[in-house]
Amino acid sequence: MAEGELVGQRVVRIDSRAKATGEARYTADLTLPRMLHAKVLRSPHAHARILNIDTSKAERLPGVKAVVTGKDAAGVKWGVFRYTRDQELLPAEKVRYVGEDVAAVAALDEETALEALSLIDVEYDVLPAVFDPLEAMQEGAPQIHDHVENNVNIHVPIEVGDVDRAFQEAYLVREDRFSDTEYTYCQTEPYAVLVNYDSNGNLEIWTPNASPHTKAKALSNLLKMPLAKVKVRKISTGGAFGGRSDIFPGEFIAALLAIKAGRPVKMVYTREESFTSVRQAHSMVVDLKTGVTEDGRFLANEMKVVLDGGAYSSTGPIAVSVPFLVWEETYRLHNVRFNGYRVFTNKPVRGMYRCHGRSFMGGLGMQLDMIAEELSIDPAEIRLRNALRTGETQVTGSRIISCGLTEAIEKATETSGWKEKRGKLPYSRGIGMGASGMMVGFPMGIRGGSAALLKFNEDGGCTLISGVVDNGQGNESMVVQIAADVLGMKMEDINLVSSDSEITPLDQGAYSQASTFVSGNAARGAAVDAREQILNIASDMLDATPGELDLKDGQVFVKHRPEWNVWLGKVIRKALLDNTPVVGRGSYMPKVDLRREWVSNPKGQHAGTFSFGAVVAEVEVDTETGQVRVTNVTGAHDCGFAINPMAVEGQLEGSVASGGVGASLLEEHSWDGGQMLNATMLEYKVPLSVDMPQITPIIVETVDPEGPFGAKEAGLAGSMNMFQAVGNAIYDALGVWIKEFPITPDKVLQALEEKDPES
Amino acid sequence: MERQLIQLKVNGEERDVVVSPNETLVEVLRDRLELTGTKMGCGEGACGTCTVLLDGKPVRSCLTLAVEVQGQEIVTIEGLAEGAELHPVQEAFMEHGAIQCGFCSPGMILTGKALLDENPHPTEEGVRRAISGVVCRCTGYAKIVEAIMAAADAL
Amino acid sequence: MRLPSFEHLEPRSLEEALGFLAKHKEQAKIIAGGTELLVCMKHGLLAPAYLVNLKAVRELDFVSEDDGGLRIGALTRLSTLSETPAVRERFPVVAQAAEMVAAPPLQAMGTVAGNLCLNTRCFYYNQSSFWRQARGACYKTGGDRCHVVKGGKRCLATYQGDIAPALIALGATLRMVSNGSEREIPLAELYTGKGRRPLALEPDEIVAEVRVPAPFDGMAGDYQKLRLRGSMDFPLAGAAAVLSRNGSGVCSRARVALTAVGTGPLVVEEATQLLEGQQVTEDLVAQAAEAAYEAARPASNVGSDASYRRKMVRVLTRRAILNAWRKE
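In this text the structure is predicted, and so the values were computed from the model without any measurement.

1. Focus on the overall build of chain B
Of the regular secondary structure elements, chain B holds 5 helices and 5 strands. For chain B, whose C-alpha radius of gyration is 15 Å, the value lies close to the compact-globule estimate of 15 Å for 155 residues. Seen through its principal axes, chain B has C-alpha atoms that stretch 45 × 30 × 25 Å. Counting over 155 residues, chain B shows a buried share of 66%. If you take every contact in chain B between residues at least 6 apart in sequence, the share linking residues at least 24 apart comes to 53%. One finds the centroid of the 13 positive side-chain charges in chain B at a distance of 5 Å from the centroid of its 23 negative side-chain charges.

Below, the structure is given as structure tokens:
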């Protein structure tokens, strides 16, 4: 195959065989000699001072090898940013949510560890707690962190243009409030961690993660160990969706226990712990004010969003910025004011999620439809009028180098039969659309890039060493497919070593859907470099210039005389004898403005490129029960270029499930104070096979000038679009707007009753 | 509570194992027989990742006592392939991109196999219903349904 | 989540099983499918010293026709129940309800008696020991309060079985046996409505079989279930209706039973009074549905909003009655 022939093919993913046979190992599957089992004692209180912890009885229990409390944690605090270091991963003085870690035990088996937990006495001084972010912001609300007044964790203000004047000039102004409840990742694999600490001071960690390097750096800081001694190992990860990015108490506590006991320690969370004590998604209250011209173009836009952040910062500055970012990444804004507040409450910690902010994104899409209706403009048309295009610059300064938003909207409407259906379906059936743009990566400083190495063996095979992380997206397969394409090899002839913080070069991790763009580019660079080295060496052997040579199926040959060729293995051997072994090097750092900062300086190039998408969804509503069924979805996504179309489709289909059915209609946590009422797989309603619509994925290719083979990403826009499409389709079906997510049957029915009290 | 020696027939092999009555099948498979291909997603029967076949039928191994399945044929994901030859359902899952993170795949593949053993030509609706007790968070089920339908054609 | 310790007893016959129960009384629990019991044990809600496993008591695993009626052995799997031709053809409402229990693999594990004897459920009860410890015991766990309705005087845990309303509407009875004695009770009387002891079952007693009387002439039934997802979920409300139509188009017998809107299945007597002896009209059905709505007492303890679920009783009941009427 020539370059560009293997990419674009529907290939079987390299990780799928091991996963189909059960060989693939996940953290809980691992055992090490002398391994101990750990369990954590958790706070039953939402807010309490820890007065005393007596672990003496637990320590005396036969089989118990180590007990740790906040005293062992030396008071170090974790935060993703320097200015958000507010979480003691094992608190010594205060607990701030139900389920927070208080003490932990490592024992010979899990039963002993659990028994030991029951022998630990904790004295608490229970404090008043607050669970609603709007209440938490009021004067006199319980203060969750001493240094944070009114519990406002992060405030991101952004203002561009003359917003107030623009509102005055607008032909039409609409104001709406949208909101949602808490929801969560619910990855199929519960949280687990295994830590091995040896007598030379090496700390090895296995845990489901989206970036071994980020975890390693955090643990190195927290444990005050050199980075080279903290080794986060490669492990299969059962889904992430943003929820495996940060550092969690689990890995810190397991490390403390392993160091204290001098033995490997494994800790596997229950499903309940995975729900309450790792991460959840934010709930939000969104006030949206939009002013447009008579022909529906944005003139003035204002958004205030309040996020319930839970007890600690986590990725707070990012989370609170995303509503603004997705907004400016989708539409041409001129005069815009944004105020994002992330507020502390006595609830579990919230992080970034694939379906982050159904309220703001659903709200943006629904309000746009409301405006379109008032102006008698088709919803597709109003989107096209405001949609960003290639070459434009977003309102805070990011230039768009490739943009398929218009094409995505056009293709989704065309394929779905939008024109024939919109407004014309019988009552109770409806069709709606959603569209969005999405950053491919974000500024992460030195962590924002990726590097890869490719080393050739004397038999002509090679090993690709990449920091790329795969949580199920297909990233491992993607880098191999790219390298194989460049090298004219079969994918099975390239072995991949990846996601090991000790062995593989720094990589941004599977964050912000950047893997294809960044890690893929680095892998391509390594392959291109190796190929050049090979052709250079072979040029001597074949008596031709490197430019006259090609590499394919393990042979280097002269392009116009293919019978003049040499076996690749022979070239590699010559390289070794010549003391110029073939090692390809590649790296990529996205072209972002490194001065851009979430809170202090939200301007400048935010991401290297942006992806875009649009979906059209059809719903059917049972008007007596209020139950909504999504029946058909047409999703068009500008992924730049589809390295493996099957993987791109899979991402879109997954987005429809989590965003379009789960987040839009089903998923939410219910609470009594700080206690989660439905921390179970039975009561937290993840969509099932029978709940899913027919999905028609459409791949839009804009061939990004920076991306590897023009590729960008495929992971996120689908979810973001589905909230809008479902909300709008329900309006098309029933004539009611439901502004609170998830759109559960009781809300639908209530809206119908309010519209027609007679019914 | 007395531990007892039981015989389990797993993937065609007779295995002697000493267990306590309160050990569930998934614990024995994973912790004692090192068959970690069977996953545990919730331990409460609600997610289906721990599905194994018991006399050909998919069951929740987290809600099955090891002591009560003596004499029955247990098949785990490790027992599906014959040597290097994968079962057609496994092949189809790979070919059709039905595997993403892979955590639900063992339970999903075994459920698909059991369905096709019972009904070689299921409808799409029948496939959706058969796998409706296994949660997948990645794929949206589209390619899983497609793979099982394709395996039916291949069988 | 691990199971607490217990001794596993494996009787080979009903007699042997009853012997174990007579010996160990409250210390023993029966296990059949295990799909509910083991979850409760993992949560620390139950810690029996003995589990009497009925798996090998084959004499309880049967479905047979008897005088035009049905005898369903307690150990019959829900999937077997819905696949048995006699059930499908002559009592399709039972098959319909059984097919809506959880998901197919759980129907193949769960048994008829297990589903009938489902414990009542509550967001404040079906939780781990850790979870419950944060707020202290409620009526259902031996305490003196209800967490659902603060100041509530009784346990409001919800009965969420699917097949009970259908079988009650068919007039099913239970044969219950204990060491040396035996009794037959209407299925509806199995349910006490009490939180601590929701079943009128003695500790040494086993539900041996369900007896369904021969169908009345012109009889048909329907079961309507409200759930958020198309599978797996317990009902948030459910209504079963069984109606008979005589030769002159009059409803000769009508039974409506509800689930998941009270502490036990509810029989809507008023629906019977409204419908029997009448031509079934939309208006009459609406009245019967209204009566069901009035009877329903859902609590906000199993998901979704209680007032919404109560309203849905009206919809489900109307649909069940109309479907049953039209099927015939």
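Still more ground to cover, so stick around.
2. Remarks on the domain arrangement of chain B
A common measure of how large an interface is: the accessible area buried when the components associate. Residue and element names in this part refer to chain B. When cut into domains, chain B gives domain 1 (4-79) and domain 2 (88-154). For domain 1 versus domain 2, the separation of C-alpha centres amounts to 21 Å. On the domain 2 side, the residues contacting the 18 residues of domain 1 number 14 residues. In total, about 1,100 Å² of surface goes out of reach between domain 1 and domain 2, with carbon and sulfur atoms giving 67% of it. Three residues, Thr49, Leu53 and Ile77, lead the burial of domain 1 against domain 2; their summed loss comes to 39% of the area buried on that side. At the junction of domain 1 with domain 2, the criterion picks out 1 salt bridge. Its salt-bridge partner being glutamate 118, residue lysine 57 comes within 3.3 Å of it at the nearest N-O pair.

3. What about the interface of chain A and chain C?
Taken together, the contacts link 33 residues of chain A with 31 residues of chain C. Between glutamate 110 of chain A and arginine 2 of chain C there is a salt bridge; the shortest N-O distance is 3.1 Å. The class makeup of the residues in the side of chain A that touches chain C is 13 nonpolar, 8 polar and 12 charged.

4. Topic: a negative patch on the surface
A surface patch of like charges, here negative, comprises Glu458, Asp459, Glu492 and Asp493 of chain A. Looking at the element boundaries, aspartate 493 of chain A is found in the loop between α14 (475-487) and β23 (494-498).

5. Structural notes on the environment of tyrosine 97 of chain A
All names here are of chain A. Inspection of the secondary structure puts tyrosine 97 in the loop between β6 (94-95) and β7 (101-107). As a C-alpha pair, tyrosine 97 and proline 348 span 251 residues in sequence and 5.7 Å in three-dimensional space. Excluding residues within four positions of it along the chain, tyrosine 97 makes contact with Ser43, His45, Ala46, Thr276, Ser277, Ala311, Tyr312, Asn346, Lys347, Pro348 and Val349.

6. Examining the domain arrangement of chain A
Residue and element names in this part refer to chain A. Partitioning chain A into domains gives domain 1 (35-127 + 191-268), domain 2 (280-443 + 595-755) and domain 3 (444-588). Distance between the C-alpha centres of domain 1 and domain 3: 39 Å. Taken together, the 17 residues of domain 1 in the interface contact 19 residues of domain 3. In total, about 1,400 Å² of surface goes out of reach between domain 1 and domain 3, with carbon and sulfur atoms giving 45% of it. Interface area lost by domain 1 to domain 3 is led by Ala210, His213 and Lys234, which between them contribute 43%. The interface formed by domain 1 and domain 3 contains 4 salt bridges. We note a salt bridge from arginine 233 to aspartate 500, for which the minimum N-O separation is 3.1 Å. On the surface where domain 1 and domain 3 come into contact, there are 15 residue pairs in polar contact (both at pLDDT 80 or more). Breaking the side of domain 1 that touches domain 3 down by element, the ones donating at least two residues are α6 (212-223) and β13 (230-232). With 5 residues, the single largest contributor to the side of domain 1 that touches domain 3 is α6.

7. Remarks on the interface of chain B and chain A
Taken residue by residue, the interface counts 44 residues in chain B and 52 residues in chain A. Taken together, both faces of the contact between chain B and chain A bury some 3,600 Å²; the carbon and sulfur share is 56%. Summed over the three residues of chain B that lose the most area to chain A, namely Met94, Gln100 and Arg137 of chain B, the buried surface amounts to 22% of that side. One can count 23 residue pairs in polar contact (both at pLDDT 80 or more) joining chain B with chain A. Of all elements in the fold, only α2 (88-95), α3 (105-118), α4 (124-130) and α5 (142-154) of chain B reach the threshold of two or more residues within the side of chain B that touches chain A. Looking at the side of chain B that touches chain A residue by residue, the class counts come to 20 nonpolar, 14 polar and 10 charged.

8. A word on the sheet that holds strand β9 (residues 219-226) of chain C
All names here are of chain C. With respect to topology, 4 strands assemble into an open sheet ordered β9-β10-β11-β12, the strand pairing being antiparallel. Every interior strand has two partners, whereas the edge strands, β9 and β12 (266-267), have only one. Bridge analysis of strand β10 (residues 237-245) against strand β11 (residues 251-259) gives 8 bridges, and the strand direction is antiparallel. Bridging across to β11, alanine 239 finds its partner in leucine 258. Relative to β9, helix α12 (residues 306-327) is tilted by about 155°, and along the sheet it contacts β9, β10 and β11.

9. Focus on the packing of helix α10 (residues 358-374) of chain A against helix α18 (residues 717-734) of chain A
Residues and elements named next belong to chain A. Relative orientation of the contacting elements α10 and α18 amounts to 45°, with a least axis distance of 8 Å. Here α10 lies oblique to α18, going by the angle between them. Regarding α10 and α18, the two cross each other, and that crossing is right-handed. Contact with α10, carried on its side by Arg358, Phe360, Met361, Gly362, Gly365, Met366, Asp369 and Glu373, involves Met720, Phe723, Gln724, Gly727, Asn728 and Tyr731 of α18 and no other residues of that element. Looking at the contact of α10 with α18, its residues break down into 6 nonpolar, 5 polar and 3 charged.

10. With respect to the nonpolar core
Counting 247 residues, the largest nonpolar core has Phe360 of chain A, Leu8 and Phe93 of chain B together with Leu116 of chain C as its most contacted members. Ranked by residue count, the leading element in this core is α18 of chain A, at 9 residues. Core analysis: the second largest hydrophobic core is formed by 46 residues, Cys462, Ala483, Val571 and Phe709 of chain A among them.

11. What to know about the pairing of strand β4 (residues 63-66) of chain C
Residue and element names in this part refer to chain C. Looking at chain direction, β4 and strand β5 (residues 69-73) are connected through 4 bridges and run antiparallel. What sits directly across from glutamate 65, in β5, is leucine 70. Counting the residues that bridge the hairpin from β4 to β5 gives 2 residues, and of these aspartate 67 lies at a positive phi of roughly 55°.

12. Comments concerning the sheet that holds β23 of chain A
All names here are of chain A. Taken in spatial order, the 4 strands line up as β23-β22-β21-β27 in an open sheet, and their pairing is mixed. Across the chains shown, the open sheet's two edge strands, defined by having one partner strand only, are β23 and β27 (583-588). Sheet twist, expressed as the mean angle between neighbouring strand axes with direction ignored, is 15°. With 5 bridges connecting them, strand β22 (residues 462-466) and β23 associate as parallel partners. Counterpart to serine 466 in the pairing with β23 is serine 498. Of the strands in this sheet, β21 (450-456), β22 and β23 touch α14, which is tilted by about 140° from β23. Lying over the sheet, helix α15 (residues 515-542) contacts β21, β22 and β27, oriented at roughly 150° with respect to β27.

Definitions and limits used
- Residues numbered from 1 in each chain as written.
- Chains lettered and ligands numbered in written order.
- Predicted model: local features only at pLDDT ≥ 70, side-chain atom pairs only at ≥ 80, totals over all residues.
- Heavy atoms only, no water.
- Helix = DSSP H or I, 4+ residues; strand = E, 2+ residues; numbered from the N terminus.
- Rg over C-alpha atoms; globule rule 2.2 N^0.38 Å.
- Buried < 20%, exposed > 50% of the residue type's maximum accessible area, 1.4 Å probe, protein only.
- Contact = heavy atoms within 4.5 Å.
- Lys, Arg positive; Asp, Glu negative; His and termini not counted.
- Charge placed at Lys NZ, Arg CZ, Asp CG, Glu CD.
- Domains from an automatic or database assignment.
- Buried area = accessible area lost by both parts, 1.4 Å probe.
- Salt bridge = Lys/Arg side-chain N within 4 Å of Asp/Glu carboxyl O.
- Nonpolar A, V, L, I, M, F, W, Y, C, P; charged D, E, K, R; others polar.
- Patch = residues over 30% accessible without salt bridge, like charges linked within 9 Å, V, L, I, M, F, W, Y side chains within 5 Å.
- Areas by Shrake-Rupley, 256 points an atom, 1.4 Å probe, with all protein chains shown as cover.
- Polar contact = N/O pair within 3.5 Å; in protein donor to acceptor, adjacent residues only side chain to side chain.
- Pairing = 2+ DSSP bridges.
- Axes fitted to C-alpha atoms, helices over the stretch in contact; angles between N-to-C directions.
- Parallel < 35°, antiparallel > 145°, perpendicular 65-115°, else oblique.
- Left-handed = near helix turned anticlockwise from the far one by under 90°.
- Core = buried A, V, L, I, M, F, W, Y, C linked by side-chain atoms within 4.5 Å.

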